[in-house]
Amino acid sequence: MNVVMIGAGYVGLVSGACFAEFGARVTCVDKQPERIDALKRGEIPIYEPGLDDLVARNVAGGRLHFSSELAGPVAEADLIFIAVGTPTRRGDGHADLKYVYAAATELANHLQGYTVIVDKSTVPVGTAREVQRLVRKANADAAFDVASNPEFLREGSAIGDFLRPDRVVLGVESARAEARLRELYRPLNLIEAPILVTDLESAELIKYAANAFLATKISFINEVSQLCEATGADVNLVAKGMGMDGRIGSKFLHAGPGYGGSCFPKDTLALIRIAQEHGLSSRIVEATVEVNASQKARMVAKIRQALGGSEADKRIAVLGLTFKPETDDMRDAPSLAILPALADKGAEVVAHDPEGMEEARGLLPDTVRYAATMEEALEDADALVLLTEWNQYRGLDLTRVREHMRGNVFVDLRNVYERALIEAAGFAYTAVGR
Ligand code: NAI
């Protein structure tokens, strides 16, 4: 089975390497030649645990290839996946589909024989049909079907998610396309991973509805965290008690600085826009987005309060910049809202992150300093703000931290620590909803 993966980013590279692991012959194509050159040299352009070994193994096995040219690989392909970015379109919140449509148009003229063109990018309802129209327009004689196969992997555990998915969703219109996709995913039968076959529209909407629901869970518990602060309850216990109910489930019920990343912020906005385009409103998701924005603002206020009412001229050590641990992805990370607000009020911000600092440099204000080590970030700090719960921040040597710092303010925006432990080490502890 010959597979072409258009887009060698977080999703394309992981999916491509995993399909190769399944036994397919995969070519990842990207329009950034430097990305392809790096991959050919064996350098992985993103940080994702285990990806370097997976890629190396499949390249060595002759199953995984990289190319900046579409023509050759597309001509040989049985399946072509479009896994390019679908960022928020500037100005209106809609998903920007220009990369998807460009890919569809570019590939059309190189098709040979029957090919299944699969949208793997997260795209609004109707996109698969538009891809179909564009390919047909560019190549009237092509034999192809369009399918939708949304991706549910999470950065940081992407390979495990892909190889052991909760489900695979296949939106198809023909038995032939379904059979080809099922053949590609056949190794998952061994682990009895459920495959849900739907129409194109349902597959497209499943992805948005799932992400909006998860984002809503986060905003919900963040709203509850405010209630906890007002009433003296502990949001960790409240979430635990809620999550023990099988109908609710314990995942995505962690109060914190608000969701970020490359998916939830853009996919919630896109869902709202899809509803509007159909004359509907998506009030729950609108509230989710609003609560998330106010949660980030609330974190800034929380830090200010912990510092005695003003962050001006205070040195704040921020541990963690990426939107979650085990990724270098800075897209829409809460740090991008919280750090500028602190710097704007005159705080001296010194940040540390195991993987995200290179990316963060171009995105955060110039006044933010980056420390090579965690200890350097903590040196003479008035406050420590734990913003992303990387493992190395979960087991801090509190005595040493205290020795490095000049102040004793400990703001734990991920509720990692127990209050008694931190206070016993001489800190003033602030958390979220506890
Ligand atoms: P990304 O930005 O990391 O990668 C996209 C890649 O596509 C880039 O390397 C870009 O150069 C390339 N590209 C764009 N147009 C191209 C073209 N015409 N030909 C060849 N290459 C082209 O994006 P990411 O994060 O991989 O996301 C891709 C899609 O997957 C998005 O729709 C996203 O919503 C969805 N998704 C992302 C997840 C994530 O955790 N990052 C999880 C599930 C879905």
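Everything quoted here is computed from the prediction, not taken from an experiment.

**Q** When you look at the overall build of the chain in this model, what are you seeing that I'm missing?
**A** Looking only at helices and strands, the chain has 18 helices and 14 strands in total. Its C-alpha atoms give the chain a radius of gyration of 23 Å, within 12% of the compact-globule value 22 Å for 434 residues. Considered along the principal axes of its C-alpha atoms, the chain spans approximately 70 × 50 × 45 Å. Burial statistics for the chain: of 434 residues in total, 53% are counted as buried. Once local pairs closer than 6 in sequence are excluded, the contacts in the chain between residues at least 24 apart make up 72%. Total accessible area computed for the chain in this model is approximately 18,700 Å², and 51% of it derives from carbon and sulfur atoms.

**Q** Hey, could you run me through the environment of Leu-181 in this one?
**A** By the element assignment, Leu-181 lies in helix 8 (residues 175-184). Taking relative accessible area as the criterion, Leu-181 reaches 0% and is therefore assigned buried. Separated by eleven residues in the primary sequence, Leu-181 and Leu-170 have C-alpha atoms spaced 7.7 Å apart. With sequence-adjacent residues up to four places away left out, Leu-181 is seen in contact with Leu-79, Phe-81, Val-118, Ala-147, Leu-170 and Val-172.

**Q** What's the story with the UniProt feature "active site" (unreviewed entry) in the chain in this structure? I'm lost.
**A** As recorded in UniProt, the feature "active site" (unreviewed entry) lies at Cys-263. With respect to the secondary-structure elements, Cys-263 resides in the loop between helix 10 (235-243) and helix 11 (264-277). Using a relative accessible area of 29% as the deciding quantity, one classes Cys-263 as partly exposed.

**Q** Explanation requested: the site of the ligand in the structure shown.
**A** Around the ligand, the surrounding shell holds 27 residues, and the nearest of these are Asp-30, Gln-32, Thr-86, Glu-155 and Lys-266. A distance of 2.6 Å separates an oxygen atom of the ligand from a polar atom in the side chain of Lys-266. Alone, the ligand offers 830 Å² of accessible surface; in the complex the protein occludes 92% of this. Ranked by residue count, the leading element in the shell around the ligand is helix 5 (residues 98-108), at three residues. Each residue belonging to the shell around the ligand can be placed in one class, and the counts come to ten nonpolar, eight polar and nine charged. Each of two domains, domain 1 (2-197) and domain 2 (208-290), supplies a minimum of three residues to the shell around the ligand.

**Q** In this structure, what is going on with unusual backbone geometry? I would like to understand it.
**A** Note on backbone geometry: most residues besides glycine have negative phi, and most peptide bonds are trans. In this structure, Glu-192 is a non-glycine residue whose phi angle is positive, near 55°. Take Glu-192: it is sitting in the loop between helix 8 and strand 8 (195-198). Residue classification places Glu-192 among the exposed residues on the basis of a relative accessible area of 69%. Backbone geometry at Asp-332 places phi at a positive 55°, although glycine is not the residue there.

**Q** Sorry if this is basic, but what is going on with the pairing of strand 12 (residues 383-386) here?
**A** For a regular strand, the rule is simple: side chains alternate between the two faces of the sheet. With burial as the criterion, each face of strand 12 is covered, one bearing Ala-383 and Val-385 and the other bearing Leu-384 and Leu-386. In this sheet, strand 12 lies alongside strand 9 (residues 315-319) in parallel orientation, the contact comprising four bridges. Note that in strand 12 the partner of Ile-316 across the bridge is Ala-383. Across four bridges, strand 12 lies against strand 13 (residues 409-412) in parallel orientation.

**Q** Help me understand the packing of aromatic side chains, please; the structure alone is not making it clear to me.
**A** Remark: the centre distance and the inter-plane angle together describe each pair of aromatic rings, the angle taken between the planes. Tallied over the entire structure, the rule returns 13 aromatic pairs. A centroid spacing of 5.6 Å and a plane angle of 80° characterise the contact between Phe-410 and Tyr-417, whose relative ring orientation is edge-to-face. An aromatic cluster is present here, built from Phe-19, Phe-22, Phe-81, Phe-162 and Tyr-185 joined pairwise through their rings. The ring centre of Tyr-114 lies 3.7 Å from the NZ or CZ of Arg-176, which sits over that ring. Just above the ring of Phe-427 sits the side chain of Arg-402; from NZ or CZ to the centre is 5.7 Å.

**Q** Is there a simple way to think about the domain arrangement of the chain in this case?
**A** Interface extent is often summarised as the accessible area lost during association of the parts. Domain annotation for the chain reports domain 1 (2-197), domain 2 (208-290) and domain 3 (294-430). A straight line from the C-alpha centre of domain 1 to that of domain 2 covers 29 Å. Of the residues lining the interface, 14 residues belong to domain 1; the matching set on domain 2 comes to ten residues. The three residues of domain 1 that bury the most area against domain 2 are Thr-88, His-94 and Thr-122, which together make up 39% of that side's buried surface. Between the two partners, domain 1 and domain 2, sit zero salt bridges. On the surface where domain 1 and domain 2 come into contact, there are four residue pairs in polar contact (both at pLDDT 80 or more). Of the residues belonging to the side of domain 1 that touches domain 2, the class tally is six nonpolar, five polar and three charged.

**Q** Help me understand the UniProt feature "binding site: NAD(+)" (unreviewed entry) in the chain, please; the structure alone is not making it clear to me.
**A** In the UniProt entry, the feature "binding site: NAD(+)" (unreviewed entry) is given for Asp-30, Arg-35, Thr-86, Thr-122, Glu-155, Lys-266 and Arg-331. Separation in sequence by 302 residues is matched in space for these annotated residues, since their most distant C-alpha atoms are 24.2 Å apart. Of note, Asp-30 is situated in the loop between strand 2 (25-29) and helix 2 (33-40). A distance of 2.7 Å separates a polar atom in the side chain of Asp-30 from the backbone nitrogen of Ala-8.

**Q** Sorry, what's going on with the sheet that holds strand 11 (residues 369-370) here?
**A** Within a beta sheet, neighbouring strands are joined by backbone hydrogen bonds and run either parallel or antiparallel to one another. Spatial ordering of the open sheet is given by 11-10-9-12-13-14, a layout of six strands whose pairing is parallel. Every other strand in the sheet has two partners, leaving strand 11 and strand 14 (428-430) as the edge strands with one partner each. Relative to strand 13, helix 12 (residues 283-306) is tilted by about 160°, and along the sheet it contacts strand 9, strand 12, strand 13 and strand 14. In the packing of helix 13 (residues 335-344) onto the sheet, contacts are made with strand 9 and strand 10 (348-352), and the angle to strand 10 comes to roughly 150°.

How each quantity is defined
Residues numbered from 1 in each chain as written. Predicted model: local features only at pLDDT ≥ 70, side-chain atom pairs only at ≥ 80, totals over all residues. Heavy atoms only, no water. Helix = DSSP H or I, 4+ residues; strand = E, 2+ residues; numbered from the N terminus. Rg over C-alpha atoms; globule rule 2.2 N^0.38 Å. Buried < 20%, exposed > 50% of the residue type's maximum accessible area, 1.4 Å probe, protein only. Contact = heavy atoms within 4.5 Å. Areas by Shrake-Rupley, 256 points an atom, 1.4 Å probe, with all protein chains shown as cover. UniProt positions renumbered as here; feature names shortened; annotations may be inferred. Near = heavy atom within 4 Å. Polar contact = N/O pair within 3.5 Å; in protein donor to acceptor, adjacent residues only side chain to side chain. Nonpolar A, V, L, I, M, F, W, Y, C, P; charged D, E, K, R; others polar. Domains from an automatic or database assignment. Pairing = 2+ DSSP bridges. Phe/Tyr/Trp six-rings, centres within 6.5 Å; stacked < 30°, edge-to-face > 60°. Lys NZ or Arg CZ within 6 Å of the ring centre and 35° of its normal. Buried area = accessible area lost by both parts, 1.4 Å probe. Salt bridge = Lys/Arg side-chain N within 4 Å of Asp/Glu carboxyl O. Axes fitted to C-alpha atoms, helices over the stretch in contact; angles between N-to-C directions.

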